[in-house]
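Coordinate inspection notes
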Amino acid sequence: MPQSHPRRPGARRGQALLGALVAVGVVALLVAGLYNLAIEGSQAGQASLAQIAMMGIAEAGLNVTAKMVIDTANQSLVQNLQQVPRSTAQSWGQSSTSYSAAQGNFQTMMTQYGPFAWYGAFPNSVQSAPQAAVVCAYGTQNGAGTSDDTWEACVGLIAIPSPLPSWQDNGVTATLTFPIGLLAHAWVWQGPPSGSPPGAYLGEVTSYSPTNLPGSIVITYQDCPAYYQPASCTLPTGVQVTVPPGQLLENDPNVSTPAAP
Amino acid sequence: MTGRRRRANSLVEALVASAVLALMGTILVQAIAASANAGTQAAVGAQARRLLQQDLEQARSGRGIPGSGTSGPFTVAVSTYQAGYAGLVTSAGTPSCSGCVGGVVTSGVSSLTKVYIVITVTTSGALVARGATVTSP
């Protein structure tokens with residue numbers, strides 16, 4: 001019967017060393033994994049916080065620019081629309097039998113009476129870029145860090161496909177009702193404006209009025225008998241502009257990014 | 001090799017093994033503790049971010065300016081300023097009608113309020129979230 005030889009002490013130490021190295025390697029991998037997990041969790045938290053801060057900045061830009069549009073509509077535009085002749089308003093209402101016709105009449109109204117910038121397509125919007133009466137502004141706002149970040153926002157009034165404008169005459173008053181929508185984008189960059197080089201682009205927020213809640217431009221005229229047509233009968237007795245509220249859409253993939261202001 | 005020498009060698013090996021085990025155990029425990037701590041911080045941070053998002057949304061959407069105070073483990077500090085802007089990107093259109101006024105009305109922006117929110121952990125004072133927005137027009 002063969003007899004087993006006891007192992008040499010050197011071989012036993014080698015095996016022990018190998019075992020220790022394997023154990024050390026396993027523990028090192030485990031430790032590295034745990035630390036990596038902690039770092040990834042921290043980075044995810046920071047990214048999430050930066051996203052919330054970016055949205056706050058973009059929404060601030062939207063609100064500031066929307067305020068300009070609302071005030072301009074309620075003051076300058078309303079004042080200017082007081083000069084629209086009845087025949088012109090009637091034509092706008094009766095000829096807007098399609099979306100493209102309504103857009104054409106809206107362009108005439110805005111370029112002749114509106115103090116906004118007129119764009120053949122809403123700026124920096126790839127999809128749903130209708131022609132629009134626009135105000136674009138920029139500014140700074142506190143971000144997630146200690147320095148200010150830059151926002152740019154464009155807010156525009158647009159003609160909408162439905163309902164179409166209408167002209168109604170009940171024999172006492174005649175009214176043009178021109179439904180309008182709102183479309184707005186705000187973009188955010190890291191750091192102050194005109195940075196050199198410009199800071200990193202952080203994100204975008206879109207705002208649009210839902211189709212079931214349009215705003216409107218309403219121009220009212222007094223009906224006068226054919227034998228009595230003073231100037232007051234051909235000019236509006238009332239003008240009301242209602243800018244519709246917008247709903248937010250975050251990170252609209254169909255919006256392009258303009259150059260930083 | 002005598003029995004006494006072999007026992008001495010075994011003792012040294014056992015001591016070295018114990019030291020290595022102790023070192024590895026300590027590092028492992030520290031890593032587990034750091035991971036657990038990171039998990040706790042992530043949970044606290046997520047809670048703070050949710051609170052910040054709620055407050056920013058309240059201010060932005062016209063539901064009023066959130067108040068300062070404590071909320072759970074957090075202290076919420078709300079500062080308000082006059083809203084502003086740096087400039088217009090688009091130039092105002094010039095209406096073609098006779099006697100019409102041009103120009104974008106920007107004076108109303110100052111009636112809006114910029115709301116700045118800072119959230120810290122009440123017990124430690126550590127900053128966990130901050131952000132700002134402007135009230136609804």
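Anything mentioned here points back to the structure above.
Scoring rules and cut-offs
Residues numbered from 1 in each chain as written. Chains lettered and ligands numbered in written order. Predicted model: local features only at pLDDT ≥ 70, side-chain atom pairs only at ≥ 80, totals over all residues. Heavy atoms only, no water. Helix = DSSP H or I, 4+ residues; strand = E, 2+ residues; numbered from the N terminus. Buried < 20%, exposed > 50% of the residue type's maximum accessible area, 1.4 Å probe, protein only. Contact = heavy atoms within 4.5 Å. Arc of directions from axis to C-beta. Patch = residues over 30% accessible without salt bridge, like charges linked within 9 Å, V, L, I, M, F, W, Y side chains within 5 Å. Areas by Shrake-Rupley, 256 points an atom, 1.4 Å probe, with all protein chains shown as cover. Salt bridge = Lys/Arg side-chain N within 4 Å of Asp/Glu carboxyl O. Phe/Tyr/Trp six-rings, centres within 6.5 Å; stacked < 30°, edge-to-face > 60°. Axes fitted to C-alpha atoms, helices over the stretch in contact; angles between N-to-C directions. Parallel < 35°, antiparallel > 145°, perpendicular 65-115°, else oblique. Nonpolar A, V, L, I, M, F, W, Y, C, P; charged D, E, K, R; others polar. Disulfide = S-S within 2.5 Å.

**Brief notes about the environment of B:Ala8**
Structurally, B:Ala8 can be placed in helix α1 (residues 3–60). Put simply, B:Ala8 and B:Pro137 are 129 residues apart on the chain and 85 Å apart in space, counted from C-alpha to C-alpha.

**Some thoughts on the side chain of A:Gln131**
Residues and elements named next belong to chain A. Here Gln131 is to be found in the loop between β1 (117–119) and β2 (132–142). The buried category is assigned to Gln131, whose relative accessible area is 18%. In this structure Gln131 touches Gln103, Gly104, Gln107, Trp118, Tyr119, Gly120, Ala121, Leu157 and Ile158, once residues within four positions along its chain are discounted.

**Structural notes on helix α2 (residues 86–95) of chain A**
Residue and element names in this part refer to chain A. Taken together, the buried positions of α2 are occupied by Arg86, Ala89, Trp92 and Gly93. The arc that holds every buried residue of α2, seen down its axis, measures 130°, which confines them to one face. Check the buried side of α2 and you find it contacts α3 (99–113), β4 (166–169), β5 (173–189), β7 (215–222) and α4 (231–234).

**Some points on a nonpolar patch on the surface**
Residue and element names in this part refer to chain A. A cluster of nonpolar side chains, Leu18, Val22 and Val26, forms an exposed patch at the surface whose accessible area comes to about 290 Å². One can find Leu18 in helix α1 (residues 9–81). Classification of Leu18 by relative accessible area gives exposed; the value is 56%.

**As for the packing of aromatic side chains**
Each aromatic ring pair is characterised by the separation of its centres together with the angle its planes make. Residues and elements named next belong to chain A. For the structure on display, the rule yields five aromatic pairs over all chains. Ring centres of Trp92 and Tyr113 lie 6.1 Å apart, and the angle between their planes is 85°; this geometry places the pair in the edge-to-face category. In this pair, Trp92 sits in helix α2 while Tyr113 sits in helix α3, placing the two residues 21 residues apart along the sequence. The class of Trp92 is buried, set by a relative accessible area of 4%. A centroid spacing of 6.0 Å and a plane angle of 45° characterise the contact between Trp167 and Tyr221, whose relative ring orientation is tilted. Here Tyr221 lies in strand β7 and Trp167 lies in strand β4, a separation of 54 residues in the sequence.

**Concerning the packing of α2(A) against α3(A)**
All names here are of chain A. One way to put it is that α2 packs onto α3 with a least axis distance of 9 Å and a crossing angle of 155°. When the axis of α2 is compared with that of α3, the two are roughly antiparallel. For the pair formed by α2 and α3, the contact residues are Ser91, Trp92 and Ser95 on the first element and Ala101, Asn105, Thr108, Met109 and Tyr113 on the second. A per-class count over the contact of α2 with α3 returns four nonpolar, four polar and no charged.

**Observations concerning the state of the cysteines**
For the structure shown, the criterion picks out three disulfides over all chains. Covalent S-S linkage joins A:Cys224 and A:Cys233, the inter-sulfur distance amounting to 1.5 Å. An S-S torsion of about -65° defines the bridge between A:Cys224 and A:Cys233 as left-handed. Both residues of the pair, A:Cys224 and A:Cys233, belong to the buried class. With its sulfur 1.6 Å from that of its partner, B:Cys97 forms a disulfide with B:Cys100. Because the torsion about its S-S bond is -115°, the bridge between B:Cys97 and B:Cys100 counts as left-handed. Overall, B:Cys100 belongs to the buried group, its relative accessible area being 16%. The cystine pairing of chain A, numbering bonded cysteines in sequence order, is 1-2, 3-4.

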